[in-house]
Amino acid sequence: MTIRIRRASGAPVILGNDAAEPASKRSATKPPAQSARKAKPGKTATTAKLPAPARKAPGRAGARAKQLGSDRVAGSKRARGKQPELFAGEAPKTPPAPPKAEFAPEPKKKTPRRKKTAEAVPAEPTLLTDEATSEARSTPRRRATAESMAHKQRDISVSEFFMKNRHLLGFDSPARALLTTVKEAIDNSLDAAEEAGILPSVAVELVELAEDRFRVVIEDNGPGIVKAQIPKVFGKLLYGSKFHRLRQSLTSDQPVLVERSGRVERLPIAALVDPLLASGEEEANVAHLRLRVPAFDPESWSYGWRPVSHVIRHPRANEVLEIETERGKRVRVTGCHSLFRFDAETGCVRAVEARSLAPGDHVIAPRNLGEPARVRAINVLKELASVEMHRPGVFVCELPPALMQRLHEQTEIVRRRDPNERQRRYFALRARDEARIEMLDDSWFQYVQRGILPLSLVRRLGIEAECENARLRSYHHGDALETPVRWDLTPALMRFLGLYVAEGHADRRQIAFTFGSHENDLVEEVTRTATSLGFTTTTEPRDKNAVRVKVFGGLLDELLPLWCGAGAKNKRVPWIVFHAGRELRQHFLDGLYRGDGHRVPTRRVLMLGSASRELIADVEFLWLLQGVVGARAGPITFQGLGRGPSVAWRIDVHGDDVPVLQGDHAPLRAAENRYRMLPAATLTLATGPASDRFPAHPQAIARAVGAGLGPARAGKSVGILTALRTGAEYDMATLEQLAGGRVTRHLSKHLVQLGFLRPSGAGYVATPKAERFQFEMRRAFDLANSDLCLLKIRSVRAVEDAGEFVYDLAVPGCENFVAGEGPLACHNSRGQQGIGISAAGMYGQMTTGKPIVITSKTGKGKPAHHFEIVIDTARNAPNVVKDETVEWEKDHGTRVEIELQGTYKAGRRSVDEYLEQVAIANPHAEVTFRPPKGRAPVFVARATTEMPREPLEIKPHPYGVELGMLQKILQDTEAKSVSAAMQTEFSRVTPKVAEEILAKAKLSTRSRTRDLKPADIERLHKAIPEVKIFAPPSACVVPIGEDLLRKGLEREIKAEFYTSTTRPPAVYRGNPFQIEVGLAYGGSLRSADEGDGDVHATGKETDAQQGPITLLRLANRVPLQYQQSSCAVFKSVVDTNWRGYGLAQPRGSLPQGPMVLIVHIASVWVPFTSESKEAVAHYDEILKEMQLALQDCGRKLGGFLRRREAERHELRRRSIFEMYIGELVESLGKLTPVDRAKLQRDLAMLARKHTGDSDEDVAAMLATTKRVAKRGEELDEDERNADVEAAPSTRGKRATPSRADGKQPAGKRSSKRGAANTQLDLLDEEA
Amino acid sequence: MTARTKAKSKSKSVAARTRGGSPEQVISRLASLAAKAVQEITAQKNPSVSIPVRTLANVTYDPKKSIIELGDQRQSRALFNVGQARKFMQTFLIASACKDLLDARKTTSIRDLYYITKHTIGDTRQNTFEEQEESDPIIEDLEVTIDSLREEMNLFASNRGAMVGDLTLVDSGDTIDLRRMGSGGWSVPSIVEDHVVQFGKCEAEMILLVEKDAVWRRLNEDKFWKKYKAILLHGQGMASRGVRRLLYRMVNELKLPLYVLVDNDPWGFYIYSVVKQGSINLAYESVRMAVPSARFVGLSSFDAEKYALPSNVSIRLDETDERRAKQMLAYPWFERKEWQRELQHMMKLGVKLELEALSSKGISFISEEYLPRKLRNKEWLA
């Protein structure tokens, strides 16, 4: 598509003799100076003397200087973008002022990226090839200096950052450094594995190399890291690397919508991605290309064009499915690729794997794509710049004198003899490809004086942009026709284009429209528009019922086929139409439908058929931009007038939503667009298949759920249903008030039957179902007003020949894009790799000088890469010491080895403890730990094979947003209007909500963000709480889950009793969060400050002596280790009254006893008190939720303790008896002759009989009676000793020697101790 | 009216059948109790002892005999019962100690027995008995259970009460002339059975039991017993078992009338009632202790007016007094109109009078005026 105009570097070019230009090799690879020298061997180049004093082209140099300057700014900006805010201060504050240039080329470039190119091809904005770019990168010296400066700036900040902020990163002490290293590596491993959908299995090994020196080895079974990424991930501090996920992707042929270089295109994904990836490369960061795709915000459900961060391509590993929905939309995806589904229960949009979809399900499709970049005018020359054409006799006139002046100053004067040996003087200019264009002096003077240039010269010089205000002159039969170079997009032009697409074709030097002979109005319209553009037309009849309008002049015959395609089968919609804005687009559609459209009034359908599949797809897309979902049909084969069968495609749009069309295509009233209607599947209350779709209208919704017996009564039902509050009582009078009319007994009975009310005394009580109805109604309105629609799946079909590669795009924030024939929303997301691991590597390197060793394998049959990497601290870049391919038995995974200086210690805040907590928080993970110093390895098997749900990113909820934050958001937003800003920056803000907020704040709905004054923002801030906004969705937080949390506890902690609670999600400051609490009590549990000695802590009265419980805090499944006492978790635990649940609790401190308590907060944004992220801030909402969860667990614990107390009572009985047996035998023996031994045995048996214990127990009991009694006395001392001897160690292997027989179950085990304790009880009682 | 004849009545009173238990008999009864328990244990039954219930519920007042008798309710004391296990063990512990005592033909005090049987169980910190209050009821339980009096088990309590009067008696072989006992009198031993105490020459015509030793001292000093031919004794408050048994023997063997001089308060009335009808706790011994003919000579609720005692000598009834008075109103043995009147009048006045209050009328008012007048005018209650 892209054609470069090639130039001979040395050949003289004679003006007006374009045809003579010989093709030659590209000169661009040579530095300009050199080519200039080569160009004129033996000849002298002098500067031009006429008409202005010649100078040695300072403009170019100046321009370059400027580019360097701006490049550096751009470079540092990028760098800054990647860095956290901490760096902001250290980046250059102000860009250097660009040097002034007299003839600066176009001051504003479309994209900064372009600036590099501009050096080689100064004024050419649209074309760019790889060569040009790479050449630009590798050239001049000054540029290198600037770049190195930029680098330097970055380095200083990184190394300084690390040195100064070691404590923030967790490397402030040797012990902590070891822990942090393990922590970072584990977090990464878990994240990567989870994201790839692999059940994580992580092994940690600490090898003690010397005193205070360890090798940390962490091996996981994650997806591995692609070779190219390895050095960056591990060898570059602050590198935001990402793991790709294995479950993705579209087949190569799937069309995607993408806007690049400011133009919307619809092209196969492979065509988009392939050129961006090197062979074998799996993904690339393309953020700098500024690609944008339509993506919906998972919160507001609004579509917008959002930047693509990465393109991804990888070998296909899964089956490919073709999902076809109603109305002919289909997409081919891998089975594991996600589409979206509406979950009626929660009212959320959820990503679902394609393979889990079945016909009848509804998937999300866009109903309204956001507005692409707006184009208001078009430069015809620029449009055609890339088209190779030869068009003599066309001139660009009315050129600005300034331009001519500049050009003249750039000319060099060349003298040379012509073929007739006459001395001639030529003016030479440099073309944009650095070729030389020479013009005879006469001609040149004429151009300069008249402000005119031949079209071909303009094109060669690449000054199309500067000609924007000029006119294009062509000749038709000797008459000069002039048309502006710049065409403003007008309704007339749009209709003209529409008509052309429908009815036009291009011939040589003319275009023609063919209309029916009755379509005089169209003939007239086309003629009018053509004339207004400066063209001339002729109208001639064709056959008997056709008229042809021919339009001559300008470059129409080149332009329109370029835009609209040549030939009926290749017709397309001109790209500018997409960018023209809603109204103008509608005019285009008007034109198009006037030409080719077909209206079926009976069905209220507007049809458009075409032989061009592309055109139909374009129109479908166009309608989507208008907010209308078209139905696509085709291919339709029919026997037309031609020889062979014709193939056609069709697109239909329905109903009322199709905006104003003129003439007889005007409104199709009284029908609603089917896609504005909602499937009944979106309502959980929907009663039957009466209608599978219903409009988002209260009465219709009421009818869908079975309320309302007729049109009139539905209104009453709605009145009632929308006002009911669960649990409130309503009498007939109130109901009538709510209904706004008489409520018959029949109606109220009907509502009772439907379950919205239940009778209570004389009146009724509302059931929760009524609020459910209100929820569903709001949801339906949200959905109806969103940019989404739901399409029913018609078929899911496996595709055999699906190609080798599959493709994906990453859209940060939204993680979806549209793809497929008739676009559907496709899901994608990528994880973010933290900075930690490279920081750990850097720490290791700084303390030991050893490289990080990485082995990684991305899949079975793929090579395992073994890297040794040193971080070049000066450059903050990886330095690969070793790079080889090795054999690795694992299918996939990563192994990281870091040697570092550290201290290994057991106990609190140790690696052991950290791993233990990780295991609790991640029951799906398998953890192996090989501690140093010859200690036994620990293996924790996974407790579940269920993967945690994937979190959804959301925006802040407006409730609870602080004023300052609101200010910042409104400042930083890209949205222009306040309303749009509210909608795009916050979750759950619909246009209606935004409108309400603005109204409450007394701001106009059209207010612009940049006009907002502080007072306005304050009013806005105050208005927000006054408007009812739906609570943020909870899909964004991922709890561990009640069961899994308990399983995690059971797996890690040996206790008598476990329980857990997961609270429903709640919101603080607009951020959803969810609290979970898990609790393990009793058994062999030690309490916080105790060792793992043989302490059976079971006695209630001994609990108090055991010191505080162990409190574990988790935030988003990451254990928090420091700053316990300033954490909200700590506070909520302290504030809970544990005495009520049977635990001792000194005032203002943790409860005491053998208990491990886990509190997990899952939140989009965990409010940490400080940078070190170790303590959760005290928000009331969070504290409250925590307390509720704690109380719930506490109640369960209390129940358990009471039950256990009852069991103990039983034990106590037995111990009483056994205590007196000895005495009794003695007394009886004295009173009557008896075999004392036998008596003792008999009594023991009796005792067993009366306390229901096993023989062994009784025997053991009798045998130990004395010992137990003794222990009872010494108990206190034992425990004191235990306290003193406290030797912390892993809890997992705390098998105590006395229970080594392992035969007795946990409950029984405590009995010995229980007996001892109960004796004490008894004494107390009887004393 | 001997105890024996009473025992023949329909009452299955325990004491009635166990008269005259010799040490051998008692030993065999103890052994059979143990044998029964062993038998039950061997049969894998919960060993138990059946003990007559010693509470108000199991006490009947026989208006004919005018004594309180123990009913035939029994409670079972089992080993395998958390609440009873300890007492079960203690019962046999006491039993075995008594057997030892009987075997050795020695007597000992109940306090002594407490010390004999008190020891730590095994190696625990727990004792067989923690206090004497724990062991005393067990002894009483054992008494009723094996139908043997504690005296028959060679157990005695500490001496309480003193006696002077126109009587000579033999105590453990020593002849005691109660006319020559000085100011202290003869201390009444705990065991006054006829093998210990035998009566000799008696010139007295009445017996006067005084509640308090202070009043007794006054009467002794004033030689009231000489003047009025009386046997004068006191029980230091509630009359002990020894005093009551002695009273019973004297009334029945010497055929003397018994007068009781107590305070005008519920407690005083109760002392009189115990002497007269027997106590709830020791209902099983009523037949050999109760003196239904005992006469109440003072201090009546109406005496304050009658003798114009100054109002400042009266003491307000406290809560305990009122409660007790109310209880007594309900006792069948206080059913009689005179007693109801007494109690009700006391409650109406809301005050009680001690015997010492009479001293406000003169130091010997009681011995020289009050008592002679009451006895002379037969102003007693029965």
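Bear in mind the structure is a predicted one, so any value in this text is a computation, not a measurement.

Below, the discussion takes up the overall build of chain B. Helix and strand content of chain B: 14 helices and 17 strands. Burial statistics for chain B: of 382 residues in total, 59% are counted as buried. Contacts in chain B between residues far apart in sequence, at least 24 positions, make up 74% of those at least 6 positions apart. Of the roughly 15900 Å² of accessible surface on chain B, 49% is carried by carbon and sulfur atoms.

Looking now at unusual backbone geometry. Residues and elements named next belong to chain A. Of note, the phi angle at aspartate 212 is positive, near 65°, even though the residue is not glycine. Within the fold, aspartate 212 resides in the loop between strand E2 (201–210) and strand E3 (213–220). A residue is classified by how much of its surface remains accessible, and aspartate 212, at 35% relative accessible area, is partly exposed. The residue arginine 509 is not glycine, and still its phi comes out positive at about 60°.

This part covers the interface of chain B and chain A. The interface of chain B with chain A comprises 35 residues on the first partner and 29 residues on the second. Counting each side, the surface lost to burial between chain B and chain A is near 3000 Å², with a carbon and sulfur contribution of 71%. Counting every contact that joins chain B to chain A gives 1 salt bridge. Between aspartate 100 of chain B and lysine 1230 of chain A there is a salt bridge, with the nearest N and O atoms lying 3.8 Å from each other. For the interface between chain B and chain A, the tally reads 5 residue pairs in polar contact (both at pLDDT 80 or more). Of all the secondary-structure elements, those providing two or more residues to the side of chain B that touches chain A are helix H3 (23–42) and helix H4 (85–103) of chain B.

Applying the stated rule across the entire model yields 34 aromatic pairs over all chains. Between tryptophan 1138 of chain A and tyrosine 1141 of chain A the ring centres are 5.9 Å apart and the planes differ by 80°, which places this aromatic pair in the edge-to-face class. Taking 5.3 Å as the distance between ring centres and 70° as the angle between the ring planes, the aromatic pair formed by tyrosine 272 of chain B and phenylalanine 296 of chain B counts as edge-to-face. One end of the pair, tyrosine 272 of chain B, is in helix H10 (residues 266–277); the other, phenylalanine 296 of chain B, is in strand E15 (residues 295–298), and 24 residues separate them in sequence. The buried category is assigned to phenylalanine 296 of chain B, whose relative accessible area is 1%. Through successive ring pairs, a cluster of aromatic residues spans Tyr61, Trp267, Tyr270, Tyr331 and Trp333 of chain B. Positioned above the aromatic ring of phenylalanine 805 of chain A, the side-chain terminus of arginine 313 of chain A is 5.3 Å from the ring centre. We note lysine 769 of chain A situated over the ring of phenylalanine 756 of chain A; from NZ or CZ to the ring centre the distance is 5.1 Å.

Residue and element names in this part refer to chain A. Of note, leucine 724 is situated in the loop between helix H21 (711–721) and strand E35 (729–730). The class for leucine 724 is buried, based on a relative accessible area of 0%. With 45 residues separating them along the chain, leucine 724 and lysine 769 place their C-alpha atoms 9.6 Å apart. Sequence-distant contacts of leucine 724, defined by excluding residues within four places in its chain, comprise Tyr730, Phe756, Leu757, Ala766, Ala770, Glu771 and Gln774.

Residue and element names in this part refer to chain A. Summarising the element assignment, proline 491 is placed in helix H14 (residues 491–503). For the pair proline 491 and phenylalanine 588, spaced 97 residues apart in sequence, the C-alpha separation works out to 7.6 Å. Not counting residues up to four positions away in its chain, the partners in contact with proline 491 are Leu584 and His587.

Residues and elements named next belong to chain B. In spatial order, the strands read E10-E7-E13-E12-E14-E15; together these 6 strands make up an open sheet with mixed pairing. The open sheet is flanked by strand E10 (186–187) and E15, the only strands paired with a single partner. Across the sheet, helix H7 (residues 213–221) lies against strand E7 (162–165), strand E12 (206–210), strand E13 (230–234) and strand E14 (258–261), angled at about 150° from E13, the strand it touches most.

This part covers the sheet that holds strand E21 (residues 453–454) of chain A. Residues and elements named next belong to chain A. The 4 strands are arranged E21-E17-E22-E23 in an open sheet whose pairing can be described as antiparallel. Of all the strands in the sheet, the pair left with one neighbour each is E21 and strand E23 (479–484). Across 6 bridges, strand E22 (residues 471–476) lies against E23 in antiparallel orientation. Among the inter-strand pairings, leucine 472 is bridged to a residue of E23, identified as threonine 483.

The next subject is the confidence of the model for chain B. Residue and element names in this part refer to chain B. With 94% of its residues at a pLDDT of 70 or more, chain B has an overall mean of 84. Contacts from residues 1–19, a stretch scored under 50 in pLDDT, to residues over four places away or in other chains number 33 contacts. Interface predicted TM-score (ipTM) for the complex: 0.76; the corresponding pTM is 0.45.

A word on the side chain of arginine 150 of chain B. All names here are of chain B. Here arginine 150 shows up in the loop between helix H6 (132–145) and strand E6 (155–156). Within the buried core, arginine 150 has no salt-bridge partner, and the shortest N-O distance to an opposite charge, that of glutamate 151, equals 4.3 Å. Residues contacting arginine 150, with those up to four places away along its chain left out, are Ile110, Ile139, Glu143, Leu155, Ala157, Ser190 and Arg241.

The next thing to look at is a positive patch on the surface. Together, Lys976, Arg1006, Arg1008 and Arg1010 of chain A make up a positively charged patch on the protein surface. Within the secondary structure layout, arginine 1006 of chain A lies in the loop between helix H29 (991–1000) and helix H30 (1014–1023).

With that settled, consider the pattern of salt bridges. Taken as a whole, this structure holds 83 salt bridges over all chains when the rule is applied. The salt bridge partner of glutamate 371 of chain A is arginine 585 of chain A, with a shortest N-O separation of 2.8 Å. Taken together, the residues span a long stretch of sequence, with glutamate 371 of chain A in the loop between strand E15 (362–366) and strand E16 (377–379) and arginine 585 of chain A in helix H18 (residues 582–596) at a distance of 214 residues. In the salt-bridge network here, residues are joined through shared partners; they are Glu143, Glu151, Glu193, Arg241, Arg245, Glu285 and Arg288 of chain B.

What follows concerns the packing of helix H12 (residues 319–330) of chain B against helix H13 (residues 337–349) of chain B. Residues and elements named next belong to chain B. As a packed pair, H12 and H13 sit with axes 10 Å apart at the nearest point and diverge in direction by 155°. It follows from the interaxial angle that H12 and H13 lie roughly antiparallel. The crossing of H12 and H13 is left-handed. Contacts between H12 and H13 involve Glu322, Ala325, Lys326, Met328 and Leu329 on the former and, on the latter, Gln340, Leu343, Gln344 and Met347. Its residues placed into classes, the contact of H12 with H13 shows 5 nonpolar, 2 polar and 2 charged.

Calculation notes
Residues numbered from 1 in each chain as written. Chains lettered and ligands numbered in written order. Predicted model: local features only at pLDDT ≥ 70, side-chain atom pairs only at ≥ 80, totals over all residues. Heavy atoms only, no water. Helix = DSSP H or I, 4+ residues; strand = E, 2+ residues; numbered from the N terminus. Buried < 20%, exposed > 50% of the residue type's maximum accessible area, 1.4 Å probe, protein only. Contact = heavy atoms within 4.5 Å. Areas by Shrake-Rupley, 256 points an atom, 1.4 Å probe, with all protein chains shown as cover. Buried area = accessible area lost by both parts, 1.4 Å probe. Salt bridge = Lys/Arg side-chain N within 4 Å of Asp/Glu carboxyl O. Polar contact = N/O pair within 3.5 Å; in protein donor to acceptor, adjacent residues only side chain to side chain. Phe/Tyr/Trp six-rings, centres within 6.5 Å; stacked < 30°, edge-to-face > 60°. Lys NZ or Arg CZ within 6 Å of the ring centre and 35° of its normal. Pairing = 2+ DSSP bridges. Axes fitted to C-alpha atoms, helices over the stretch in contact; angles between N-to-C directions. pLDDT = per-residue confidence, 0-100. Lys, Arg positive; Asp, Glu negative; His and termini not counted. Patch = residues over 30% accessible without salt bridge, like charges linked within 9 Å, V, L, I, M, F, W, Y side chains within 5 Å. Charge placed at Lys NZ, Arg CZ, Asp CG, Glu CD. Parallel < 35°, antiparallel > 145°, perpendicular 65-115°, else oblique. Left-handed = near helix turned anticlockwise from the far one by under 90°. Nonpolar A, V, L, I, M, F, W, Y, C, P; charged D, E, K, R; others polar.

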